[in-house]
Amino acid sequence: MDWLAECRRIGLSADGERIARVLKSLDAAIAERGGQRRARGYLERQLRRLAKS
């Protein structure tokens, strides 16, 4: 989200919907394969922030 906000701040276009899809896909892969406990919390926070923007 920080990267997306910075892109928007300096006038670059960024596809927030694509970023959300990729983060959701990563979350699903982690849920399916297990592991990466720390990443799941990070992904959840980033998805919430993305939904608010």
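For the structure itself, consult the block above.
Remember, it's a predicted structure, so these values are computed and weren't measured experimentally.

A. Broad picture of the overall build of the chain. A tally of regular secondary structure across the chain gives three helices and zero strands. Its C-alpha atoms put the chain at 40 × 15 × 15 Å along the principal axes. Across the 53 residues that make up the chain, the buried fraction comes to 23%. Put simply, 40% of the contacts in the chain that link residues at least 6 apart link residues at least 24 apart. Accessible area for the chain stands at about 4,400 Å²; split by element, carbon and sulfur atoms hold 50% of it. In the chain, the 13 positive side-chain charges and the 7 negative ones have mean positions that sit 4 Å from each other.

B. Highlighting the side chain of Asp27. Assignment of secondary structure puts Asp27 in helix 2 (residues 16–33). Those residues in contact with Asp27 that sit more than four places away from it in its chain are Arg40 and Leu43.

C. Focus on the environment of Ala14. Relative to the assigned elements, Ala14 resides in the loop between helix 1 (2–9) and helix 2. Once the C-alpha coordinates of Ala14 and Leu4 are considered, the two residues, 10 residues apart in sequence, prove to be 6.5 Å apart. Beyond its immediate stretch of four places on either side in the chain, Ala14 contacts Trp3, Leu4 and Cys7.

D. Structural context of the environment of Ala31. Structurally, Ala31 is set in helix 2. Residues Ala31 and Arg8, spaced 23 residues apart in sequence, show a C-alpha to C-alpha distance of 31 Å.

E. Fine view of the pattern of salt bridges. Counted by the stated rule, this structure contains three salt bridges. Here Asp2 makes a salt bridge to Arg49, at a shortest N to O gap of 3.0 Å. Of this pair, Asp2 sits in helix 1 while Arg49 sits in helix 3 (residues 37–52), placing them 47 residues apart in sequence. Glu6 is paired through a salt bridge with Arg9; the nearest N and O atoms lie 2.8 Å apart. Within this pair, Glu6 and its partner Arg9 are both found in helix 1, separated by three residues, close to a single helical turn. We classify Glu6 as partly exposed; its relative accessible area is 37%.

The rules behind each value
Residues numbered from 1 in each chain as written. Predicted model: local features only at pLDDT ≥ 70, side-chain atom pairs only at ≥ 80, totals over all residues. Heavy atoms only, no water. Helix = DSSP H or I, 4+ residues; strand = E, 2+ residues; numbered from the N terminus. Buried < 20%, exposed > 50% of the residue type's maximum accessible area, 1.4 Å probe, protein only. Contact = heavy atoms within 4.5 Å. Areas by Shrake-Rupley, 256 points an atom, 1.4 Å probe, with all protein chains shown as cover. Lys, Arg positive; Asp, Glu negative; His and termini not counted. Charge placed at Lys NZ, Arg CZ, Asp CG, Glu CD. Salt bridge = Lys/Arg side-chain N within 4 Å of Asp/Glu carboxyl O.

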